[in-house]
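What the coordinates show
Given next are the chains, with one letter for each unit.
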Amino acid sequence: MTVAELPVGERKARAVEEMFDRIAPRYELVNRVMTLGLDAGWRRRAVRELQLDPGARVVDVGCGTGDLCRVLGRAGLRGVGVDMAAGMLAKAHTAAPLVRADALHLPLGDASVNGAVSGFALRNVVDIAACFQEASRVIRPGGRAVFLEVSEPPNPVVRRLHALYFRRIVPMVGGLLSDRQAYRYLPASTAYLPAPSELLRLLTEAGFVRCRRVQLGAGAAQLLIGTRQ
């Protein structure tokens, strides 16, 4: 799949929703296999970076089957999950309340939560800048947002090995365990992500301060972190 083949706008929104409905039954299994189990630690790190006290309310944007909601609960935080894919919500295993809604139109009031987290959802939204702005709208001043996403390792050798694995092995494994077309799309969808400097700029423009980026897994994943002004 080439960049030119990737859907945009409303076509992307429909395609992403339909795809996640299809892969929901084995989504968590494939995640563990694809990341060699590293994604669980990355999610824990994302929640720690919120630096919120127990009892704080946090929205999980693009919650999928509730992985991050479960981590939030174990940390003593009150999570609420939001996702557009009904199939993913139906397969969720979490005690947190879940709502079917668009990440760009969160069903929450202004300044109504203490923080926001998101796991591997940025490249699936139609407008990343709007996603950051909506997170900013619902977070109280002083609260934090942490977005976990894939990334390209900075080391040239590691980058080549990662590209081989991510673009060749992942679609093959995903095809065997779930849906080959979906797991061809997911590696290709990294083309939707702007450069790290641009992502941090968009986060700053959305109303966050002290924005920073943390690389995980030798650069295979990244955290984008900001504090609501």
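See the structure above.
The structure contained in this document is the topic of the report that follows. (Residues numbered from 1 in each chain as written. Predicted model: local features only at pLDDT ≥ 70, side-chain atom pairs only at ≥ 80, totals over all residues. Heavy atoms only, no water.)

**Comments concerning the packing of helix H2 (residues 27-34) against helix H7 (residues 156-177)**
At their nearest, the axes of H2 and H7 sit 10 Å apart, and the two run at 145° to each other. By crossing handedness, the relation of H2 to H7 is classed as right-handed. Counted together, Val-30, Val-33 and Met-34 of H2 and Tyr-165, Val-170, Val-173, Gly-174 and Leu-177 of H7 form the full contact between these two elements. (Axes fitted to C-alpha atoms, helices over the stretch in contact; angles between N-to-C directions. Helix = DSSP H or I, 4+ residues; strand = E, 2+ residues; numbered from the N terminus. Left-handed = near helix turned anticlockwise from the far one by under 90°. Contact = heavy atoms within 4.5 Å.)

**Observations concerning the nonpolar core**
Phe-20, Val-59, Phe-132, Phe-147 and Tyr-183 are the most contacted members of the largest nonpolar core, which totals 68 residues. If near-sequence neighbours (up to four positions away) are discounted, Phe-20 is found in contact with Tyr-27, Ala-85, Met-88, Asn-124 and Leu-186. (Core = buried A, V, L, I, M, F, W, Y, C linked by side-chain atoms within 4.5 Å. Buried < 20%, exposed > 50% of the residue type's maximum accessible area, 1.4 Å probe, protein only.)

**Some points on the sheet that holds strand S1 (residues 57-61)**
A sheet is described by the order of its strands in space; here 7 strands give the open sequence S3-S2-S1-S4-S5-S7-S6, paired in mixed fashion. The open sheet has two edge strands with one neighbour each: strand S3 (98-100) and strand S6 (208-216). Neighbour to neighbour, the strand axes of the sheet diverge by 15° on average, direction disregarded. When S1 meets strand S2 (residues 78-83), the two strands line up parallel, connected through 5 bridges. Along S2, the bridge assignment pairs Val-58 with Gly-79. (Pairing = 2+ DSSP bridges.)

**Comments concerning the pattern of salt bridges**
Under the definition given, this model contains 15 salt bridges. Across the pair Arg-70 and Glu-28 runs a salt bridge, and its minimum N-O distance is 3.2 Å. Taken together, the residues Arg-70 in helix H4 (residues 67-74) and Glu-28 in helix H2 connect sequence positions 42 residues apart. Of the charged contacts, one joins Glu-134 and Arg-137 as a salt bridge, the two residues approaching to 2.8 Å between their closest N and O atoms. With Glu-134 and Arg-137 both in helix H6 (residues 128-138) and 3 residues apart, the pair spans about one turn of that helix. According to the relative accessible area criterion, Glu-134 is buried, its value standing at 11%. Because the salt bridges share partners, they merge into one network encompassing Glu-28, Arg-32, Asp-39, Arg-43, Asp-67 and Arg-70. (Salt bridge = Lys/Arg side-chain N within 4 Å of Asp/Glu carboxyl O.)

**Notes on helix H8 (residues 180-188)**
Every buried residue of H8 is accounted for by Ala-182, Tyr-183, Tyr-185, Leu-186, Pro-187 and Ala-188. Summarising the contacts, the buried residues of H8 are in contact with helix H1 (9-23), H2 and H7. Of the residues flanking the start of H8, the one acting as N-cap is Asp-179, its side-chain oxygen 3.1 Å from the backbone nitrogen of Gln-181. (Polar contact = N/O pair within 3.5 Å; in protein donor to acceptor, adjacent residues only side chain to side chain.)

**Points about unusual backbone geometry**
The phi angle at Gln-51 is positive, at roughly 55°, despite the residue not being glycine. Its location among the elements puts Gln-51 in the loop between helix H3 (38-48) and S1. A relative accessible area of 58% means that Gln-51 is categorised as exposed. Its identity as a non-glycine residue notwithstanding, Arg-210 has a phi of 50°, on the positive side.

**Side note on the packing of H3 against H4**
Running from N to C, H3 and H4 cross one another at 55°; their axes reach a closest spacing of 10 Å. Comparing their axes, H4 and H3 come out oblique. Taken as a pair, H3 and H4 cross one another with a handedness that is right-handed. Together, Asp-39, Arg-43, Arg-44 and Val-47 of H3 and Asp-67, Leu-68, Val-71 and Leu-72 of H4 make up the contact between the two elements. Partitioned by chemical class, the residues of the contact of H3 with H4 number 4 nonpolar, no polar and 4 charged. (Parallel < 35°, antiparallel > 145°, perpendicular 65-115°, else oblique. Nonpolar A, V, L, I, M, F, W, Y, C, P; charged D, E, K, R; others polar.)

**Topic: the packing of aromatic side chains**
Within the structure shown, the criterion is met by 4 aromatic pairs. Ring centres 6.4 Å apart and planes at 55° place the aromatic pair Trp-42 and Phe-120 in the tilted group. Linking Trp-42 in helix H3 with Phe-120 in the loop between strand S4 (113-119) and H6, this pair joins segments that are 78 residues apart in sequence. The buried category is assigned to Trp-42, whose relative accessible area is 10%. Note on Phe-120: relative accessible area 12%, which makes it buried. For the cation-ring pair, Lys-12 lies above Tyr-192, with the distance from its terminal atom to the ring centre recorded as 3.4 Å. (Phe/Tyr/Trp six-rings, centres within 6.5 Å; stacked < 30°, edge-to-face > 60°. Lys NZ or Arg CZ within 6 Å of the ring centre and 35° of its normal.)

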